Amino acid sequence: MTRTRPDPVVLAALVVLLIGLAVRFVHLGSDATNPLWSGWLGDEGRWTEIAHEGVGFGTVEIETELTLSHLLLAPVFQASAAVSRAALGPGLVPMRLVSAVAGVVILVLAGVLLSRGLGRPSALLGVALLAVHPELVYFSRVAIPEMPALAFQFAAVVVLVSGPTGAARGFVAGLLFALAAGFKGTVLPVLPAFLAVIWFTADPDRRADAVRAVGAFLAAVLLSAAVPILGLFVAGFGGSLLGGGGGMGDLFDFLAGDTPYGMLATLHDGAHTVSVNLLLALVWVPAILAFGPSAGPRSPARRALMAAALWGAGWIAVWMWLDYFPARYLVHIHLPLILVLVLAGAEVGRDPAARLPWTLGGIVRMGLFVVLALPLAFALGPALANVLDTVGLRFDRFRHHLVLGVALAGVLGVITSRMDERRAVSALTVLPGALTLIWWLARHTPWVPDGFWQLDGAVGALRWGAMLGGAALAFRWLSRGGLPLRRLAVVLAVAWAAEDVDQRRSPTYVMREVGDYLDERYDEGERLGTIYAASVFLETRLAWIEPPDEDDPPAGLLVFWGYDEDVDVTGYTLVREFPLELGDDFLFYHEFHEPPSLRLYEPSGSAP
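Residues numbered from 1 in each chain as written. Predicted model: local features only at pLDDT ≥ 70, side-chain atom pairs only at ≥ 80, totals over all residues. Heavy atoms only, no water.

## With respect to the sheet that holds strand E5 (residues 597-603)
Within a sheet, adjacent strands bond to each other through the backbone by hydrogen bonds, running parallel or antiparallel.
Argument step 1. The sheet built from five strands is open, its strands ordered E2-E1-E3-E5-E4 with mixed pairing. The outermost strands of the open sheet, each flanked by one partner alone, are strand E2 (543-545) and strand E4 (572-579). Ignoring strand direction, the axes of neighbouring strands in this sheet form an average angle of 30°.
Argument step 2. Across seven bridges, E4 lies against E5 in antiparallel orientation. In the sheet register, Leu 574 faces E5, and the bridge partner there is Tyr 601.
Argument step 3. In the packing of helix H24 (residues 510-521) onto the sheet, contacts are made with strand E1 (527-531), strand E3 (557-560), E4 and E5, and the angle to E4 comes to roughly 145°. (Pairing = 2+ DSSP bridges. Helix = DSSP H or I, 4+ residues; strand = E, 2+ residues; numbered from the N terminus. Axes fitted to C-alpha atoms, helices over the stretch in contact; angles between N-to-C directions. Contact = heavy atoms within 4.5 Å.)

## Quick notes on the pattern of salt bridges
Argument step 1. The tally for this structure, following the rule as stated, stands at twelve salt bridges.
Argument step 2. Here Glu 53 ties to Arg 527 by a salt bridge, and the two come within 3.4 Å at their closest N and O atoms. Taken together, the residues span a long stretch of sequence, with Glu 53 in helix H2 (residues 40-57) and Arg 527 in strand E1 at a distance of 474 residues.
Argument step 3. Close ionic contact of Glu 602 with Arg 521 constitutes a salt bridge, the shortest N to O distance being 2.6 Å. With Glu 602 in strand E5 and Arg 521 in helix H24, this residue pair connects regions lying 81 residues apart in the sequence.
Argument step 4. One network of salt bridges, in which partners are shared, links Asp 43, Arg 46, Arg 328 and Glu 546. (Salt bridge = Lys/Arg side-chain N within 4 Å of Asp/Glu carboxyl O.)

## Considerations on the pairing of E5
Argument step 1. Counting buried residues in E5 gives six out of seven residues, a clear majority hidden from the surface.
Argument step 2. Of the pairings in the sheet, the one linking E3 to E5 comprises four bridges and is antiparallel in character. Each residue of the ladder has a partner; that of Leu 557, found in E5, is Tyr 601. (Buried < 20%, exposed > 50% of the residue type's maximum accessible area, 1.4 Å probe, protein only.)

## Observations concerning the nonpolar core
Argument step 1. Counting residues in each nonpolar core, the largest one holds 109 residues, and the members touching the most others are Phe 154, Leu 518 and Leu 598.
Argument step 2. Other than its neighbours up to four places away in sequence, Leu 598 contacts Leu 41, Val 514, Ala 533, Val 536, Leu 558, Val 559, Phe 560, Arg 576, Glu 577, Phe 578 and Leu 580.
Argument step 3. Listed in part, the six residues of the second largest apolar core include Ala 373, Leu 376, Ala 377 and Leu 408. (Core = buried A, V, L, I, M, F, W, Y, C linked by side-chain atoms within 4.5 Å.)

## Observations concerning the pairing of E1
Argument step 1. Taking burial as the measure, the five residues of E1 include four buried ones, the bulk of the element.
Argument step 2. Summarising the sheet, E1 and E2 pair through three bridges and their orientation is parallel. Looking at the pairing, Gly 529 lines up with Ile 545 of E2.
Argument step 3. As paired strands, E1 and E3 are joined by three bridges and run parallel to one another. Following the sheet pairing, Ile 531 is matched in E3 by Val 559.

## Observations concerning the side chain of Glu 546
Argument step 1. Relative to the helices and strands, Glu 546 resides in the loop between E2 and E3.
Argument step 2. What makes Glu 546 buried here is its relative accessible area of 7%.
Argument step 3. Within the structure, Glu 546 has its side chain in polar contact with the side chain of Arg 46 (distance 2.9 Å).
Argument step 4. Separated by 3.0 Å, the side chain of Glu 546 and the backbone nitrogen of Tyr 532 make a polar contact. (Polar contact = N/O pair within 3.5 Å; in protein donor to acceptor, adjacent residues only side chain to side chain.)

## Considering H2
An α-helical turn contains 3.6 residues, so a residue and the one three or four places further along point in the same direction.
Argument step 1. Of all the bends in H2, the largest measures some 60° and sits at Thr 48.
Argument step 2. Among the 18 residues that make up H2, 14 are buried, leaving the element largely enclosed by the rest of the structure.
Argument step 3. A positive backbone phi angle near 80° is found at Gly 58, which sits one or two residues after H2. (Bend = angle between axes of the 7 residues up to and from the residue.)

## Quick word on the packing of helix H8 (residues 146-161) against helix H10 (residues 191-201)
Any two packed helices are characterised by the angle at which their axes cross and by the distance between the axes.
Argument step 1. Contact geometry of H8 with H10 gives a least axis separation of 10 Å together with a crossing angle of 15°. In terms of axis orientation, H8 runs roughly parallel to H10. Of the two elements, H8 crosses H10, and the hand of that crossing is right-handed. Touching Gln 153, Ala 156, Val 157, Leu 160 and Val 161 of H8 are Phe 194, Val 197, Ile 198 and Thr 201, all from H10.
Argument step 2. Partitioned by chemical class, the residues of the contact of H8 with H10 number seven nonpolar, two polar and no charged. (Parallel < 35°, antiparallel > 145°, perpendicular 65-115°, else oblique. Left-handed = near helix turned anticlockwise from the far one by under 90°. Nonpolar A, V, L, I, M, F, W, Y, C, P; charged D, E, K, R; others polar.)

By themselves, these figures tell us nothing about what the structure is for.
Written as structure tokens, this is what we have:
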């Protein structure tokens, strides 16, 4: 009897997955390690303030716009944080535990979704990629509501595509989506995408079932929304709910959309364009080929692919529409796009020749490849504009960059349309990762001037883009025995996992150090003022108010370095300064000329 040797690629993917699970919990109470975002210094405290004070002191004071808006936007998250605080006591770990568990749930859901249509080896490799994705790891380690909101959206998608479309399935998915919105109200604008998932993944011959499922989904969402809103009125917050100053009026202002010009500009030079466009460029080719005219029959993998694509498209539309779309929202785009990469790459890999519409005329076929090259062209356009600027050709306006991007897409489209099928798809899939990796390396040499790439600073996204470039090829040939390419994907994933582990090897605990100092200096339950540093108080038995009340000066004032100008410190004395370890990438991106810190002030004359 011969013993079957385990596939080393599968074993390596399993190791990466285990590392991804571990890094969501290892040193969970340490200072956050996001290379570009310092918002955790204040946001974790704001999103859990009511849980911290309600459980710790028995009273909740809705006395600032920030406190009220965070309650209205995330009532379920506040409630779950309160349960964790009551069970485990004060600290960052109890507050972050909800996000960490949600991060694991997302990996479980990905395994369920991918294994149905792709088989266990492909599903394991896909889950391993998600397990070490930098944003998914990072936001599983901070106490903000993005990850649980993402997990419940994902659960709704899995429910919708796990069986025949019907009213019961639509109602359950609606309840899950309502829970996602309860964890974070900013999920609501993507609701039309879920209705599209129901409609387009249903059996075309059973449209009545799709109509009933849409109705049941909406009914579940409306019923679920009525309960907390009624509860807020009963609790006496009805007036605040309807008014401005943190209420629904502010929410409607948040939902106000951009102009068509601004929406188009977002895809080209928005704040997060490089992070999103690299993923778009990587998934665009296999997705269009899988959805093309010669696509195969409907299958579990095809339904999951269509659902992930519609979900991701919904979030991209929201990103383009909203004036305010912070970096922490990007996980809602990245997760569905990576699912599309995995599902479409494997789908094309089954029969790549059948996916390309070779029977179309030459001009139409060339046009298809121009469209396929658009996301890549928009990602590369700013760099090309800077190159041309060095020889006196200025492209300093958006419309110039738009023309340049379309022209670049035309050149790429013509070149790739004249290649054979394998080389064309490989070029458009690998080129984004390869070029961005080259650029990232070049950025650290003295020969590349500052601003050469207009979308500078997204270091993590660029390395992740290179990693996904290899992964896209691995999935494309996974079912054709392309073991070397599968090894490439796993090697890249292992390299990223090793970096994740290295980042956690020497954690810092400045937040805990500051919290211990405050606990020793002030009486339990005393309320201090703060600016962009509320999260520190989760490590204490103190309360806080942000912004501080100028008519009732607090006993102490904790301020994140650089924001002293946001509050009048006249009459205050600097008592102590705590240096922060935010990393070289953060200092480079934000152009800090000295290390940032937390500063504690007290009214002059009160400090010993």
